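Residue-level listing of the chains:
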Amino acid sequence: LSEISATTKLLLSTSGTTALTLDASQDATFAGNVTAISALLQSANTSSVVDILNLYNPSQASSGVRQKFSNGYGDLAAIKVSQRDNGSLADDGQIEFQVASNSSLGTKLTILNTGAATFAGKATSLATAASDGSTTLTTKSYVDGLVTGVPVYKGTWAAGTTGVTSAAISGTTI
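The numbers attached to residues start from 1 for each chain and follow its sequence in the written order. For a predicted model such as this one, the threshold for reporting local features is a pLDDT of at least 70, and the threshold for listing and counting side-chain atom pairs is 80 or more; totals across whole chains, interfaces and linings nevertheless cover every residue. With hydrogens and water excluded, all non-hydrogen atoms of the structure serve as input to the side-chain values.

### Here's the deal with the overall build of the protein chain
Inference 1: Secondary structure summary: the protein chain contains one helix and nine strands in total.
Inference 2: When the elements of the protein chain are put in sequence order from the N terminus, they spell out β-β-β-β-β-β-β-β-β-α.
Inference 3: Partly exposed residues are those whose accessible area sits between 20% and 50% of the maximum for their type, while under 20% is buried and over 50% is exposed, using a 1.4 Å probe and protein chains only. Split into buried and exposed, the 174 residues of the protein chain put 9% on the buried side.
Inference 4: Taking the contacts inside the protein chain whose residues are at least 6 apart along the sequence as the reference set, 8% of them involve residues at least 24 apart.
Inference 5: Here the accessible surface of atoms and residues is derived via Shrake-Rupley with a 1.4 Å probe, and residues count as covered only by protein chains that are part of the display. Accessible area for the protein chain stands at about 14,200 Å²; split by element, carbon and sulfur atoms hold 55% of it. In this description a helix means any DSSP run of H or I spanning at least four residues, a strand means any run of E spanning at least two, and both kinds are numbered starting from the N terminus. Every residue pair with non-hydrogen atoms within 4.5 Å of one another is taken to be in contact.

### A look at unusual backbone geometry
Inference 1: The phi angle at Asn102 is positive, at roughly 55°, despite the residue not being glycine.
Inference 2: Position of Asn102 relative to the elements: it lies in the loop between strand 7 (92–101) and strand 8 (104–112).
Inference 3: With relative accessibility at 79%, the residue Asn102 sits in the exposed group.

### Quick look at the pattern of salt bridges
Inference 1: Salt bridge, as used here, is a side-chain nitrogen of Lys or Arg placed within 4 Å of a carboxyl oxygen of Asp or Glu. Tallied over the full model, the rule gives one salt bridge.
Inference 2: Of the charged contacts in the structure, one is a salt bridge between Asp75 and Lys68, with a shortest N-O distance of 3.1 Å.
Inference 3: We classify Lys68 as partly exposed; its relative accessible area is 36%.

### A word on the confidence of the model for the protein chain
Inference 1: Every residue is assigned a pLDDT by the predictor, reflecting its confidence on a scale from 0 to 100. Scored by pLDDT, the protein chain has a mean of 75; 63% of the residues are at 70 or more.
Inference 2: Element-level pLDDT for the protein chain is lowest in strand 1 (residues 2–4), with a mean of 59, against a maximum mean of 94 in strand 8.

### Observations regarding the sheet that holds strand 7
In a beta sheet, neighbouring strands pair by backbone hydrogen bonds and run either parallel or antiparallel.
Inference 1: Reading across from one edge, 5-6-7-8-9 is the order of the five strands in this open sheet, with antiparallel pairing throughout. Of all strands in the sheet, those with a lone pairing partner are strand 5 (65–71) and strand 9 (117–119), marking the two edges. Geometrically, the sheet is characterised by an average inter-axis angle of 20° between neighbouring strands, direction not taken into account.
Inference 2: For two strands to be treated as a pair, DSSP must find at least two bridges joining them. Here strand 5 pairs with strand 6 (residues 74–84) via seven bridges, running antiparallel. Its bridge partner being in strand 6, Asn71 is matched across the sheet by Gly74. Here an angle of 0 to 180 degrees is reported between the N-to-C directions of two axes, which are lines fitted to C-alpha atoms, with helices fitted over the stretch in contact.

### Considering the environment of Val65
Inference 1: Along the chain, Val65 falls in strand 5.
Inference 2: Of the residues examined, Val65 reaches a relative accessible area of 22% and is grouped as partly exposed.
Inference 3: In this structure the C-alpha to C-alpha distance between Val65 and Ile79, which are 14 residues apart in sequence, comes to 8.5 Å.

### Here we look at the pairing of strand 6
Inference 1: Relative to strand 7, strand 6 runs antiparallel, the two being bridged by eight bridges. Residue pairing in the sheet places Ser82 in a bridge with Gln94 of strand 7.

### What to know about the side chain of Asp75
Inference 1: Relative to the elements of secondary structure, Asp75 occurs in strand 6.
Inference 2: Pairs of N or O atoms are called polar contacts if they sit within 3.5 Å, as long as, within protein, a hydrogen donor faces a hydrogen acceptor (for residues adjacent in sequence, only side-chain-to-side-chain pairs). Among the polar contacts listed, one links the side chain of Asp75 to the side chain of Lys68, at a separation of 3.1 Å.
Inference 3: Once residues within four sequence positions are removed from consideration, Asp75 is found in contact with Lys68, Phe69, Ser70, Ala100, Ser103 and Leu105.

Structure, rendered in structure tokens:
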């Protein structure tokens, strides 16, 4: 344990190597991994959002930071936040949700700063209710159920043929 008063830092060291640095702003920098056996908790008497964990990578050349979730078998999932190159060096962010298959992480959902979302597979939904708004994700069965009293054609059709004989129709009338 040592104090460096000229830079207002408090250092915790083991075997001559700094393990933890506390600066004048009470920011903590750990030299290695941080393991929490219990939950990280923040108490505040405020109605605003409270940051309980800030992942920061000071490198401007890095692709971002990632919070990984693992167990004794390997990686299970991760949330990756990175900077998008928009051509003007601005801090446009994106977030990726990654899930492991055989402990190998793969991105399954990406959300860009524009709000655009890309799914690695099909997006599915439970049954849609009639009271849902026009911007609600709907299922095919919901849309098919709206079509009543008319035939629903589920094949291919060309305007130049009849459905019965498939013969070409001459002229412009059917």
